[in-house]
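# Working through the structure, step by step
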Amino acid sequence: MTVSSHTLLFNTETLMPYRKAFMPFESYSILFNLSSQPFWVRYGLALLAVTATTMATIYIPVIGERAAFLLFFFGIIQISFWLGLYPGILVAALSLISVNALILLPAGTESYDILILNAGFGFVSAVMIATTYCHRRIAKALWTSQQDLDHAQTVGQIGSWRLNVLRNELIWSNENYRIFGIPKGTSMTYENFLAIVHPDDREYVDRMWQAGLKGEPYDIEHRLVVDGQVKWVREKAVLEFDNKGSLLGGFGTTQDITELKRNERALLESQRRYSGIFESAMDAIVTIDNHQRISLFNAAAEKMFGCKAEDAIGLSIDQFIPKWSRSYGSHSSGFSTMGPLYSNGGGRLAINGLRVNGEVFSIEASVSRCDEEGEPTFTAILRDVTEVMRAEFALKERIRLQDQLTKVAASVPGLICSFRLRPDGSACMPYANPSTDSVLKR
C-alpha cells in the first residue's frame, strides 16, 4: 500500500491537526442542567421568554411588520429543547395569546384571517414542539452515552481519538487529554506530540507510525513525560485508506499502563531476588506439582543428585528416591504420594535419596505446601545428612564401647585410671575405677 506525498506530509508533520478538537457535548452538559431546576425556575424562564419575544416584536418595527411570528417560533423551539415538553407547550399557548392580544387584534385583522393564522400558528407550534422534543431526547441520550463512555474510559484508563484528514479535524476523548496531561481542546501538531514522548522512545514511535501509514499494524508501548513524571502507554490505531492508498482518517486508543509496568518491574525484581536466593542456596530446593512432577530444581539439587535441572524438570520425584524406600510405606513414600504430612501444611522428615549414579544417601527434608489456582505445589528444602548420620553413628559406637570398658574396669581388682597432663602443667584424672578411691585414701 502506498501513501500519497500529501497524506504523508500531513501525518508526519501534523499527526494531530491544527484545528481545535471539536467537543459537541460540552455545552449540553451545562444547559441540560436547566431541566433539573425547580418547577418555578423552569416555568419562570418560559414566561420570561414569552415576555422578551413579545416586547421585541412590538418595539422592533421590522420584526412586527414582516415577521411577527418569527421570534415566537424561535422561543418555542428553544424552550422546548432546553426546558422540556411542558414548558414548550406553555410558551406556545402564551405566545398565541400574545400574538392575538398585542399584534393581530390591535392591527384590525379580520376575524377569518385571525382564525386561519391561529390554526396555522397552533399547527406549526405543535410540529416544532414535537420535533424539538424528539431531538432533545436523542441529544440527551447521546450526551448520557458520552458521559458513560467518559466514565468508563476514566475507570479503565483508556482514552480514544478519531482523525478526519478531509476535515483536518481530530477529536480526543477527555481521558486522552488526561493521559497526555494536556488541557482539553488544545490544538496539537505532530511535533508537540513527539515532545511529550520520552526522548529515548521518539525514534521508535515515529518509525512505527510511518510503518502504520504503509498499512502495518500500529500497536506499540512507549513512555511519555508528563509534568516531569514518566508514564507508560499502549497505543493502538486502525487507519483508513481510500482505493489509491491515501489516508482518510483513523481511530485509535491510548491506554495508561503505568501501574501495570510498575507491577511488572516489581514482579521481575521479586523474581530476580528469588532466583538469586534459589540458585545460591547451599541446600537443595525442589518444587513438585500435584502430579509429583518436578518444576523447580536449583543448582544445589543438581550437585546433590548429579542431574542437570533441564533433565530433572518434568520427571517424577520418585526418580530420585530408591524403589525399596518407596515400597515400604515409610516417610519417604509419603514424599512421593503427598501423604498426611503435606496436607498439614508442612513438616520435616528423613528420607533416602538416589543419585543418578545409583548411590543411595540420607536426606533431611523440610516441606511446605502452596496452592496455585486451586492446584497444590510442594517445595522441599533438602540437606544431605549422610556425613552427619555417619558421625552420629560413630559417636554412638564410641559411647557404647566406652560403657563396655567402664563395666570391665569396674570388675577388675587393682588400680585402673586415666591420667591427662594439660599444656599449662596441671593434670587431671578423667577416669578412675572404684579401687583407685581406696588406694588414694590410704
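The present account deals with the structure reproduced in this document. (Residues numbered from 1 in each chain as written. Predicted model: local features only at pLDDT ≥ 70, side-chain atom pairs only at ≥ 80, totals over all residues. Heavy atoms only, no water.)

### Observations concerning the packing of helix H6 (residues 85-104) against helix H7 (residues 111-156)
One can describe the packing of H6 onto H7 by two numbers: an axis separation of 10 Å at closest approach and a directional angle of 160 degrees. Relative to H7, the element H6 lies roughly antiparallel. Of the two possible hands of crossing, H6 and H7 adopt the one that is right-handed. Taken together, the residues of H7 that come into contact with H6 (itself represented by Leu85, Gly88, Ile89, Ala92, Ser95, Leu96, Val99, Asn100 and Leu104) are Ile114, Leu117, Asn118, Phe121, Ser125, Ile129 and Tyr133. Taken together, the residues of the contact of H6 with H7 break down into eleven nonpolar, five polar and no charged. (Axes fitted to C-alpha atoms, helices over the stretch in contact; angles between N-to-C directions. Helix = DSSP H or I, 4+ residues; strand = E, 2+ residues; numbered from the N terminus. Parallel < 35°, antiparallel > 145°, perpendicular 65-115°, else oblique. Left-handed = near helix turned anticlockwise from the far one by under 90°. Contact = heavy atoms within 4.5 Å. Nonpolar A, V, L, I, M, F, W, Y, C, P; charged D, E, K, R; others polar.)

### Description of the packing of aromatic side chains
Evaluation of the coordinates by the stated rule reveals 13 aromatic pairs. A centroid spacing of 4.4 Å and a plane angle of 35 degrees characterise the contact between Phe39 and Tyr43, whose relative ring orientation is tilted. Taken together, the residues Phe39 and Tyr43, both in helix H3 (residues 39-59) and four residues apart, mark about one turn of the helix. By relative accessible area, Phe39 is classed as exposed at 56%. Both rings, one in Phe297 and one in Phe305, keep their centres 6.1 Å apart while their planes meet at 40 degrees; by these two values the pair is tilted. You'll find Phe297 and Phe305 in the same group, each marked buried. Within the aromatic cluster, the residues linked to one another by ring pairs are Trp172, Tyr177, Phe180 and Phe193. Here the guanidinium or amino end of Lys261 rests over the ring plane of Trp232, the centre of that ring lying 4.7 Å away. The ring of Phe361 carries Arg355 above its face, with NZ or CZ at 3.8 Å from the centroid. (Phe/Tyr/Trp six-rings, centres within 6.5 Å; stacked < 30°, edge-to-face > 60°. Buried < 20%, exposed > 50% of the residue type's maximum accessible area, 1.4 Å probe, protein only. Lys NZ or Arg CZ within 6 Å of the ring centre and 35° of its normal.)

### Remarks on H6
For H6, built from 20 residues, the straight-helix expectation of 28 Å at 1.5 Å per residue is met to within 8% by its first-to-last C-alpha distance of 27 Å. Here H6 has its buried residues at Pro87, Gly88, Val91, Ala92, Ser95, Ser98, Val99, Asn100, Ile103 and Leu104. On its buried side, H6 packs onto H3, helix H5 (70-83) and H7. (Expected span 1.5 Å × (residues − 1).)

### Concerning unusual backbone geometry
Negative phi is the rule for most residues except glycine; trans is the rule for most peptide bonds. The residue Gln157 is not glycine, and still its phi comes out positive at about 55 degrees. Topologically, Gln157 is positioned in the loop between H7 and strand E1 (158-164). Residue Asp227 is not a glycine yet carries a positive backbone phi of 55 degrees. You can see Asp227 is positioned in the loop between strand E3 (218-226) and strand E4 (229-241). Exposure remark for Asp227: the relative accessible area of 72% places this residue in the exposed category.

### Observations concerning the nonpolar core
Phe180, Phe193 and Leu224 are the most contacted members of the largest nonpolar core, which has 27 residues in total. For this core, the secondary-structure elements that each account for two or more residues are E1, strand E2 (169-172), helix H8 (174-180), helix H9 (190-196), helix H10 (202-213), E3 and E4. Those residues in contact with Phe180 that lie beyond four places of it in its chain are Trp172, Phe193, Ile196, Leu224, Val226, Glu235 and Thr254. Residues Ile294, Ala300, Ala301 and Leu349 belong to the second largest nonpolar core, which totals 23 residues. (Core = buried A, V, L, I, M, F, W, Y, C linked by side-chain atoms within 4.5 Å.)

### What to know about the packing of H3 against H5
The geometry of H3 relative to H5 is characterised by a closest axis approach of 9 Å and an angle of 165 degrees between their N-to-C directions. In terms of axis orientation, H3 runs roughly antiparallel to H5. When you trace H3 past H5, the crossing you get is right-handed. Here H3 contributes Arg42, Leu45, Ala46, Ala49, Thr53, Thr54, Ala56 and Thr57 to the contact with H5, which in turn contributes Leu71, Phe72, Ile79 and Leu83.

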